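So the chains spell out like this:
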Amino acid sequence: MYVAARGGESAIRNAERLYRDLVGAFDAETVHTIERAMPYLVDRVMGEGSLYAPELAALALAQSGGDLYEAVLMLRAFRSTQPRLAYARPVDASSMLVVRRISAAFKDIPGGQVLGPTLDYSHRLLQLEVLDRDAKAQDEEERSQAGEQEEDGEEAGMAGERSGVSNCNYPLVADWQRDAGLLPLLAVHPCPDASEIPDVTREPLLFPAPRAMRLQSLSRADTGGVLALGYANMRGYGAVHPTVNEVRLGYAEIEIAHPITNELFSIGRIRVTHAEVVTALKSASVGNGAQPDGDTKLHLELGFCATVGWNEVKTIAGAMLDLAMDLPDPHPSHTEEYVLYHTDPVESSGFCIHYKLPHYVTFGSELDVVRSVGEAKRVAGLGDYYGDGDHLVSGMPGTYSERPGAPLVPEGTAEQV
Amino acid sequence: MHPLSILSRASAHEVISLADDILAQFEEIQVLQNRTGIVMLPYRDSARGVTFHLGEVLMAEAHIRSRLPSGREVEGYGACLGRDLQHALAMAVLDAALRGGVEAERIEAFVASQAAALAAHDSALLTKVEATRVTMETF
């Protein structure tokens, strides 16, 4: 059975018109302002949309009035219309142009720590004066800021000269730990042909998932979803208390092969975030005969997550979940299936908002069942919709009425409810 | 460094302007491909060493075949981030010109000047990054 609605087309057209009237029109300038002024928001949309295209992410934000899930959906929809032209050369974090690199595990790491572009260590106070200042004061402030920037630039230049800035080298903290014997050496994974790497955009996600699919799913996961599950893990629903081993933000070169000469060249750089967490875990100790000797020992284990765009909170929470998913008996909300199925922004938001669509027939059927059970109970003297007879609440909303087709909505006043 | 690695990050306006100037040197140009598409970026996991797909990147590409005044045919290719088809097409023209020895010195000089500008930009950025270096002390 279908329920037909008349006048829908015109109503939808008017609804879109009203939306635009209230949200406001946008043009190319609006889009470019968003791209310039809100890079972290743009990065979030690109990361979750799994497509690095700053201008289009900004357009999606403008078009959706800032609704993140709508913007991500639009970006993914656009992506699905584009042919895959190439696979880039695999990126190693140690080859990135690094602008921020910190470790909470070690204070002295090879290459040192640079805070980079961040507001992490600033006061979170609204700069109300920006709204209140007049044009003259604004001019004076800008002149003053320009002077300060010049002084800072001179200081930065001197610091750069002292440290040989052109030769910046930030080896991975994990590689340094391996060299120091703190982590086991990496198993040799021959770099596969990129077209053979498992790809969640082309194959279904099955469990246990190949690690490549797990990491790809985390890379395109919903920031809020990953944070919520990661936070639950941090608060106590997980068995580990990790430390941030390394967070790095930087620019990665996208290198593809020239189709005529097969030489590699860069088509440009993209922003990338890379995060590792580390924790000590118990494992079975191995005796001289390479057999478990019944004892346990502690060893360090890494969790990892990376994404396109700069998004530290998602990658730190994602790295914690990566670690949690590998534990022998994870909390139910930290199993691989639970985490990966529930953190895709398009799947989850799409399923949630589909409930807004008419479900008249589905709900009508449910109502029929409720009524028929209620009727059967009434005839048998067992009670009503909501009660077993002994606990029947008089005047309860939806209480059965003799009148045929009685509405479930209570007829009484709000006070009676 | 490959000239295309510089041209892809150089000012699109200047790359297109140079290609427009050089275009007259070709007898004819056939555009084999000029389109947008995506490139998948594999990334190395530092915890287990597995390579996985980090995400896709929007790119514009162009592939041309041109005939030089000598009658020789030469192909050129260009690609850049985003969806600027003209930038990619101009890169392909310059690539074909370099391959065919058309105004090679002029193009190489342009590439060198753009490379210097990009290097200066990187150096300025890294100097600012260096100014945020912290040294931890244990009390």
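The shown structure was predicted, so the numbers you read here are calculated from the model rather than taken from an experiment.

Asks: Can you explain the overall build of chain B? Please cite residues and give values.
Replies: Tallying secondary structure elements over chain B gives four helices and four strands in all. Reading chain B from its N end, one meets helices and strands in the order α-α-β-β-β-α-α-β. Compactness check: chain B gives a C-alpha radius of gyration of 19 Å against a globular reference of 14 Å for 139 residues, more than 25% above the reference. Looking at the 139 residues of chain B, the share that counts as buried comes to 48%. Look at the contacts in chain B between residues 6 or more apart in sequence, and 56% of them connect residues 24 or more apart.

Asks: Which residues make up the overall build of chain A, and what values do they have?
Replies: Secondary structure summary: chain A contains 14 helices and seven strands in total. Within chain A, the proportion of its 417 residues that are buried is 32%.

Asks: An account of the packing of helix α3 (residues 39-49) of chain A against helix α4 (residues 54-63) of chain A is needed here, citing residue identities and associated values.
Replies: Residue and element names in this part refer to chain A. Look at α3 against α4: their axes get within 9 Å of each other, and the N-to-C directions meet at 100°. Viewed along their axes, α3 and α4 adopt a mutual orientation that is roughly perpendicular. On the side of α3, the interface is formed by Leu41, Val42, Val45, Met46 and Gly49, while α4 contributes Pro54, Ala57, Ala58, Ala60 and Leu61. Here the residues of the contact of α3 with α4 are counted per class, giving nine nonpolar, one polar and no charged.

Asks: How would you sum up the confidence of the model for chain A? Please name residues and give values.
Replies: Residues and elements named next belong to chain A. Summary statistics for chain A give a mean pLDDT of 85 and a share of 81% for residues scoring 70 or more. Predicted confidence is poor over residues 162-167, with pLDDT under 50, and the contacts of this stretch with residues over four places away or in other chains come to seven contacts. Every residue in residues 391-417 is under pLDDT 50, and counting partners more than four places away or in other chains gives 22 contacts.

Asks: Give me the interface of chain A and chain B: which residues, what numbers.
Replies: Accessible area lost upon the coming together of the parts serves often as the stated size of an interface. Residue-level contacts link 69 residues of chain A with 49 residues of chain B. With seven residues, the single largest contributor to the side of chain A that touches chain B is helix α7 (residues 135-163) of chain A. Here the residues of the side of chain A that touches chain B sort into 41 nonpolar, 16 polar and 12 charged.

Asks: Requested: an account of the pairing of strand β5 (residues 243-257) of chain A, with residues and values cited.
Replies: All names here are of chain A. Most of β5 is tucked away, with 11 of its 15 residues classed as buried. Pairing of strand β3 (residues 97-102) with β5 involves five bridges; the strand directions are antiparallel. By the bridge assignment, Val98 is partnered in β5 with Gly250.

Asks: How would you explain helix α10 (residues 223-237) of chain A if you had to name every residue and give the values?
Replies: Residues and elements named next belong to chain A. Within the sequence span of α10, burial applies to Thr223, Val226, Leu229, Gly230 and Asn233. End-on, the buried residues of α10 take up no more than an arc of 150°, which puts them together on one face. More than 90 degrees from the buried face of α10, the exposed residues found are Arg235 and Gly236. Against α3, α9 (211-219), α11 (312-325) and α12 (336-342) lie the buried residues of α10.

Asks: How would you explain the environment of Thr315 of chain A if you had to name every residue and give the values?
Replies: Residue and element names in this part refer to chain A. Note on placement: Thr315 falls in helix α11. Residue class for Thr315 comes out buried when judged on the 31 C-beta atoms lying within 10 Å of it. Sequence spacing of Thr315 and Cys305 is 10 residues, and the spatial spacing of their C-alpha atoms is 5.1 Å. With residues near it in sequence (within four places) discarded, Thr315 still touches Thr273, His274, Ala275, Cys305, Ala306 and Thr307.

Asks: Please provide a residue-by-residue account of unusual backbone geometry, values included.
Replies: With an omega dihedral of -5°, the bond running from Phe207 of chain A to Pro208 of chain A counts as a cis peptide bond. With respect to the helices, strands and loops of the structure, Pro208 of chain A is situated in the loop between α8 (173-179) and α9. The backbone phi angle of Asn262 of chain A is positive, close to 70°, even though this residue is not glycine. Mapped onto the elements, Asn262 of chain A comes out in the loop between β5 and β6 (264-286). By the C-beta count within 10 Å, which is 7 here, Asn262 of chain A ends up exposed. In this structure, Glu103 of chain B is a non-glycine residue whose phi angle is positive, near 50°. By secondary structure assignment, the location of Glu103 of chain B is in the loop between α3 (85-100) and α4 (104-130).

Asks: I'd like a description of the packing of α4 of chain A against helix α5 (residues 68-79) of chain A, backed by residues and values.
Replies: Residue and element names in this part refer to chain A. Axis separation between α4 and α5 bottoms out at 8 Å; the angle between their running directions is 135°. In terms of their interaxial angle, α4 and α5 are classed as oblique. Along this stretch, α4 crosses α5, giving a crossing that reads as right-handed. In this structure, α4 contributes Leu56, Ala57, Ala60, Leu61 and Gln63 to the contact, and α5 contributes Ala71, Met74, Leu75 and Phe78. Each residue belonging to the contact of α4 with α5 can be placed in one class, and the counts come to eight nonpolar, one polar and no charged.

Asks: Please provide a residue-by-residue account of α3 of chain B, values included.
Replies: Here α3 of chain B spans 22 Å end to end across 16 residues, near enough to the 22 Å set by a 1.5 Å rise per residue. With respect to burial, α3 of chain B is a largely interior element, 13 of its 16 residues being buried.

Conventions adopted
- Residues numbered from 1 in each chain as written.
- Chains lettered and ligands numbered in written order.
- Predicted model: local features only at pLDDT ≥ 70, side-chain atom pairs only at ≥ 80, totals over all residues.
- Helix = DSSP H or I, 4+ residues; strand = E, 2+ residues; numbered from the N terminus.
- Rg over C-alpha atoms; globule rule 2.2 N^0.38 Å.
- Buried ≥ 20, exposed ≤ 12 C-beta atoms within 10 Å, placed from the backbone.
- Contact = placed C-beta atoms within 7 Å.
- Axes fitted to C-alpha atoms, helices over the stretch in contact; angles between N-to-C directions.
- Parallel < 35°, antiparallel > 145°, perpendicular 65-115°, else oblique.
- Nonpolar A, V, L, I, M, F, W, Y, C, P; charged D, E, K, R; others polar.
- pLDDT = per-residue confidence, 0-100.
- Pairing = 2+ DSSP bridges.
- Arc of directions from axis to C-beta.
- Left-handed = near helix turned anticlockwise from the far one by under 90°.
- Expected span 1.5 Å × (residues − 1).

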